[in-house]
Amino acid sequence: PAFRASRDVISTRKEESPVHGLSEMIVGVLGGGQLGRMLCQAASQMAIKVAILDPLENCPASALSYDHMVGSFDDSATVEEFVKRCGVLTFEIEHVDVATVEKLEQQGVDCQPKAFTIRIIQDKYLQKVHFSRNEIPLPEFMQINDIEGAKRAGELFGYPLMIKSRRLAYDGRGNAVAKSEEELYSAVDALGGFDRGLYVEKWAPFVKELAVIVARGRDNSILCYPVVETIHRDNICHIVKAPANVKWKIRERATEIAYKAVRSLEGAGVFAVELFLTRDEQILLNEVAPRPHNSGHHTIEACYTSQFEQHLRAVVGLPLGDPSMKTPAAIMYNILGEDEGEHGFRLAHQLIGRALTIPGATVHWYDKPDMRKQRKMGHITIVGPSLQNIERYLSRMLEEGSLDHK
Ligand code: ATP
Ligand code: MG
Ligand code: MG
């Protein structure tokens, strides 16, 4: 694996061990997508050095990182080589080679959060087992190994039935809904068959989806960000509203569940806890991410400490920052690819052009090498005096002059 030529010197720098920023550790991040990029942005402010490992030479974090090792975060030898150059290892993606991370941890490599946490979270079925053992409320679930098992689950849980891949899921890729027993076959097929490792979840009849970003320091102190509402389009997070417009009691309960979920895991960093709010005001956990998350992007403009700064503070052992909001309200809108290639870029740029005229709006563009439908290309955060007020700006941004983004 080749390091970028101009910066081929981090291992020697580490031996000299200069205090270069608020921490002398080089933070190694597995993955260099938009989350890695925003970690680098937060790091630059504190002169913390972030090295990334990502196979794409021009991945979003590359240009902003202290160093970019081009290679796979799913390859054992590559990860071992990478950590030699880092003081602490962390993650912007949980789909990494966890056996290697475990081995490195046993050899004394500082991984935050812990390999134990990554192992549980990267397998959604194990994750569900873990949280149910820790008495966190969840939709009912069960493993399925064949079509008979799927039918039994259907009889038990009813339809629609949510079928999920245990591994490598993101943006809803890995989920399939069967509305009836007949649809089980096509749903299982769509997920690549039983060999992929599947399980089912009872349908959660939610009225809203909520999320809580939770930070945990190296001293095990835990702080929760204000509860947000997330709105998905085709299973992909699309809009986040902060704070969530729900009763105080519900916010309190959501925060309690998120706190308890993160307390059951190990290691420092920020975690995102995705929740369902049901009609009868139950709160059920959907899943947890062991890293900064799309539901926390608004924290860059809307909170005293962004989730990215918080993650860095946590993993290097600095005191955690204040997670509370410094603006009364914020909305985050994901710029999802509307079309492939040139036309997709043109549509996104039209939207950005409108966003730039809106007071309180900040544009983030991830600089991904190519445009694809449904891909997260950037996001826009609008802050303002109330959700009502900024919702008006959001609709202005989405409607004016174009129908393409509705
Ligand atoms: P992410 O990008 O958040 O990692 P993912 O691919 O891991 O997504 P999930 O979070 O499992 O997918 O599900 C995506 C969306 O599908 C949820 O946000 C929710 O809208 C819907 N969903 C998931 N599980 C259920 C369920 N049991 N009942 C009803 N809807 C569900
Ligand atoms: Mg997920
Ligand atoms: Mg999810």
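Residues numbered from 1 in each chain as written. Chains lettered and ligands numbered in written order. Predicted model: local features only at pLDDT ≥ 70, side-chain atom pairs only at ≥ 80, totals over all residues. Heavy atoms only, no water.

Student: I keep staring at the overall build of the protein and nothing clicks. Help me out?
Tutor: Along its length, the protein carries 13 helices and 17 strands. The C-alpha atoms of the protein give a radius of gyration of 21 Å, which matches the 22 Å a tight globule of 406 residues would have. Along the three orthogonal principal directions, the C-alpha set of the protein runs to about 65 × 50 × 45 Å. Among the 406 residues that make up the protein, the fraction classed as buried is 56%. Accessible area for the protein stands at about 17100 Å²; split by element, carbon and sulfur atoms hold 49% of it. One way to put it: in the protein the 48 positive side-chain charges average out to a point 3 Å from where the 54 negative ones average out. (Helix = DSSP H or I, 4+ residues; strand = E, 2+ residues; numbered from the N terminus. Rg over C-alpha atoms; globule rule 2.2 N^0.38 Å. Buried < 20%, exposed > 50% of the residue type's maximum accessible area, 1.4 Å probe, protein only. Areas by Shrake-Rupley, 256 points an atom, 1.4 Å probe, with all protein chains shown as cover. Lys, Arg positive; Asp, Glu negative; His and termini not counted. Charge placed at Lys NZ, Arg CZ, Asp CG, Glu CD.)

Student: Honestly, the coordination of the magnesium ion (ligand 2) in this entry has me stumped. Any pointers?
Tutor: The reference angle at a metal is 109.5 degrees if four donors form a tetrahedron and 90 or 180 degrees if six donors form an octahedron. Note on the magnesium ion (ligand 2): its protein donors are Glu287 (OE) and Glu287 (OE). The metal-donor distances range over 2.2 to 2.4 Å. Between the two metal centres, the magnesium ion (ligand 2) and the magnesium ion (ligand 3), the spacing is 3.7 Å, with glutamate 287 acting as a shared donor. When you line up the elements, glutamate 287 lands in strand S14 (residues 283–289). (Donors = N, O, S within 2.8 Å, 3.2 Å for Na, K, Ca; no water.)

Student: How do you make sense of the sheet that holds strand S3 (residues 67–70) when you look at a structure like this?
Tutor: Strand pairing within a sheet occurs via backbone hydrogen bonds; the two strands may be parallel or antiparallel. Taken in spatial order, the 4 strands of this open sheet run S3-S2-S1-S4, and their pairing is parallel. This sheet does not close on itself; its edge strands, each paired only once, are S3 and strand S4 (88–91). On average, adjacent strands in this sheet sit at an angle of 25° to one another, irrespective of strand direction. Judged from the 4 bridges that link them, strand S1 (residues 26–30) and S4 form a sheet pairing that is parallel. By the bridge assignment, valine 27 is partnered in S4 with valine 88. (Pairing = 2+ DSSP bridges. Axes fitted to C-alpha atoms, helices over the stretch in contact; angles between N-to-C directions.)

Student: Just checking my understanding: could you explain the sheet that holds strand S7 (residues 175–178) for this structure?
Tutor: The strand order S5-S8-S6-S7 describes an open sheet built from 4 strands, whose pairing is antiparallel. Edge positions in the open sheet fall to strand S5 (141–144) and S7, since each of these has one partner strand only. The sheet shows a mean angle of 30° between the axes of neighbouring strands, taken without regard to direction. Alignment of strand S6 (residues 161–165) against strand S8 (residues 198–202), held across 5 bridges, turns out to be antiparallel. Paired with leucine 161 across the strands is lysine 202, a residue of S8. Seen against the sheet, helix H6 (residues 124–133) touches S5, S6, S7 and S8 and runs at an angle of roughly 145° to S5. (Contact = heavy atoms within 4.5 Å.)

Student: Got a minute to help me understand the pattern of salt bridges in this structure?
Tutor: Opposite charge on two side chains makes pairing possible when the charged atoms of those side chains draw close. For the structure on display, the rule yields 20 salt bridges. With a closest N to O distance of 3.0 Å, aspartate 370 and arginine 375 form a salt bridge. Residues joined by salt bridges that share partners form a network here, namely Glu81, Lys84 and Arg85. (Salt bridge = Lys/Arg side-chain N within 4 Å of Asp/Glu carboxyl O.)

In short, geometric facts, not functional conclusions.
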